[in-house]
Every structure is written in C-alpha cells, then in structure tokens.
Amino acid sequence: MSLFQHFIIIGVLVCASAFMSMSEIAFAAARKIKLKLLAESGDIHAAKVLQLQEQPGNFFATTQIGLNAVAILGGILGEAAFRPYFIHLVELAYTGSATQTIGFVLSFVFVTFIFVLFADLIPKRIAMIAPERVALRLISPINLFITACKPLAVIINMLANVLFRLFKVNTTRDDNLTF
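Summary of the structure given here.

### Quick look at the packing of helix H2 (residues 32-40) against helix H3 (residues 44-54)
Remark: H2 packs on H3, axes separated minimally by 8 Å, with the N-to-C direction vectors making an angle of 140°. Taken together, the axes of H2 and H3 are oblique relative to one another. When the axes of H2 and H3 are compared, the crossing they make is left-handed. Across the interface between the two elements, Lys32, Leu35, Lys36, Leu38 and Ala39 of H2 pack against Ala46, Ala47, Val49, Leu50, Gln53 and Glu54 of H3.

Structure follows, in structure tokens:
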C-alpha cells in the first residue's frame, strides 16, 4: 500500500473518531432549555436530542465503542504504515541498534498527534462553541450508529449498570436548580 493510501485510511479513521468526539461533547453540553424551546416550535431534531439526553446509556456506550475501536485500529494501522518511513528518515542520520525503536516511537507519536489534534481537540472545541447546533446536525447519523451498535452497547450498559449498583452510584441526573 502506498503512503497516500495509508493517509487516506488514517484520514477516514480520524473523521470517524472526530464525528464521535464531537457528538459526545455536543449531546452532553446541549442545553435542555434551548432544546425544549426548539422542540416546542416543531423542531423534530431537538426532540430527538432531548430523548437521547434522557436515556444517554446507549449513546455513551456506543460512542465509547466507536472511539476506542477507531483509536486502537488507527494506532495499529498508523504505526505499521508510517514506521518504515520514519525508520528510513532515522537511517539518514543514525544507523544503530536503536533505529527500529526510534522509528516505532516516531511513528507512534505522529499517529497519536494526528488523532489528538484532529479527532479529539478540534472537534470537541467546535462542539463546545455551538453544542445545540452540532447536536441537531448529528442526531440522525448518531441514531443510525447507535442502532448499528445496539447489541454490543446493551451488553456494555448491562455490565456498567451492575457495577453502578454494586458500588451504589446514583445514575439519574438532577436538573433542579439549587443554590
């Protein structure tokens, strides 16, 4: 596979991860008051976002499945794809026993940098700037993703709920304003 093809694959994985990172923050940060006003004025997407916020278990399980799977796959593919190029660059200046290790570390750092910047920080900042707008735009595709991952999300949620009960963690959100 060519370097260009590797960049395309990593780009697709970064976009998938960015979508999930952005949706995770947008749905968590979207204000219910704004969404309720939009839903009352007939915005069906706002009603769907509110519904998702009321039952966030499948959403968070699904995004964590997606984020972790993509990050692991990106790390495996990215490191293997870029290591030979970094080894070649290292060999231009150094030809010792640590060449392979240096190439591995440089490849790992490069792929990590790409994912942190483009799949995590930038999408999350965008979602924090306009959480309701982002949530309204992403609700339909995220609902499709939730449906596709539902069997695995149900299992993960069941395990999480068992742990919450075991450690007596209250999982209901209190939206009352108290001072």
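### Here we look at the state of the cysteines
Counted under the stated rule, the structure contains 0 disulfides. For Cys15, which is in no disulfide, the shortest distance to another cysteine sulfur is to Cys149 and amounts to 18 Å. Taking relative accessible area as the criterion, Cys15 reaches 54% and is therefore assigned exposed.

### Concerning H3
For H3, the complete set of buried residues consists of Ala46, Val49, Leu50, Leu52 and Gln53. What you see down the axis of H3 is that its buried residues fit within an arc of 160°, all on one side. Facing away from the buried side of H3 by more than 90 degrees, the exposed set consists of Ile44 and Gln51. Buried-residue contacts for H3 involve helix H1 (3-29), H2, helix H4 (57-91) and helix H6 (131-166). Where H3 begins, the capping side chain belongs to Asp43, and its oxygen is found 2.9 Å from the backbone nitrogen of His45.

### A short note on the packing of aromatic side chains
The full count for this structure, using the stated rule, is 7 aromatic pairs. Between the aromatic rings of Phe27 and Phe59, the centroid separation amounts to 5.1 Å while the plane-to-plane angle is 85°, which identifies the pairing as edge-to-face. One end of the pair, Phe27, is in helix H1; the other, Phe59, is in helix H4, with 32 residues separating them in the sequence. Residues Phe82 and Phe110 carry aromatic rings whose centres are separated by 5.3 Å and whose planes lie at 85° to one another, so their mutual orientation is edge-to-face. Taken together, the residues Phe82 in helix H4 and Phe110 in helix H5 (residues 99-129) connect sequence positions 28 residues apart. Residue classification places Phe82 among the buried positions, given a relative accessible area of 2%. Taken together, the aromatic side chains of Phe7, Phe82, Phe86 and Phe110 make up a single cluster linked through ring pairs.

### Let's talk about the pattern of salt bridges
Enumeration according to the criterion identifies 5 salt bridges in this entry. Taking the shortest distance from any N to any O, the salt bridge between Glu54 and Lys32 comes out at 3.0 Å. Of this pair, Glu54 sits in helix H3 while Lys32 sits in helix H2, and the two are 22 residues apart along the sequence. Among the residues examined, Glu54 registers a relative accessible area of 49% and is labelled partly exposed. Assessed through its relative accessible area of 16%, Lys32 is described here as buried. The salt bridge involving Glu79 is made with Arg83; its shortest N-O contact spans 2.4 Å. On the criterion of helical spacing, the pair formed by Glu79 and Arg83 is a turn pair, its members being 4 residues apart in helix H4. Residue class for Glu79 comes out buried when judged on its relative accessible area of 12%.

What counts, and at which threshold
All residue numbers refer to position in the chain's written sequence, counted from 1. Whole-chain, interface and lining totals are the exception, using all residues; otherwise, since this is a predicted model, local features are given only for residues with pLDDT of at least 70 and side-chain atom pairs are given and counted only at 80 or more. Side-chain metrics in this entry use all non-hydrogen atoms of the structure; hydrogen atoms and water are not considered. Lines are fitted to the C-alpha atoms to define the axes, a helix being fitted only along its stretch in contact, and any angle between axes, read from their N-to-C directions, falls within 0 to 180 degrees. Strands here mean DSSP runs of E at least two residues long; helices mean DSSP runs of H or I at least four residues long; both are numbered from the N terminus. What sets the label is the angle itself: under 35 degrees gives roughly parallel, over 145 gives roughly antiparallel, 65 to 115 gives roughly perpendicular, and the rest give oblique. Throughout, a crossing is termed right-handed when the near helix is turned clockwise from the far one, and left-handed when it is turned anticlockwise from it by less than a right angle. Residue contacts are counted whenever heavy atoms from the two residues lie within 4.5 Å of one another. Count a disulfide wherever a pair of cysteine sulfur atoms falls within 2.5 Å. Each residue gets one of three labels from its accessible area relative to the maximum for its type: buried under 20%, exposed over 50%, partly exposed in between, using a 1.4 Å probe on protein chains only. The directions considered for the arc are those from the helix axis to the C-beta atoms. Between N or O atoms, a polar contact is any pair within 3.5 Å; within protein, one atom must be a potential hydrogen donor and the other a potential acceptor, and residues adjacent in sequence are included only when both atoms are from side chains. Ring geometry is summarised as follows: Phe, Tyr and Trp rings, the Trp one being its six-membered ring, pair when their centres sit within 6.5 Å, and such pairs are stacked at plane angles under 30 degrees, edge-to-face over 60 and tilted between the two. Whenever a carboxyl oxygen of Asp or Glu lies within 4 Å of a side-chain nitrogen of Lys or Arg, that contact is scored as a salt bridge.

Keep in mind these numbers describe shape, not what the thing actually does.
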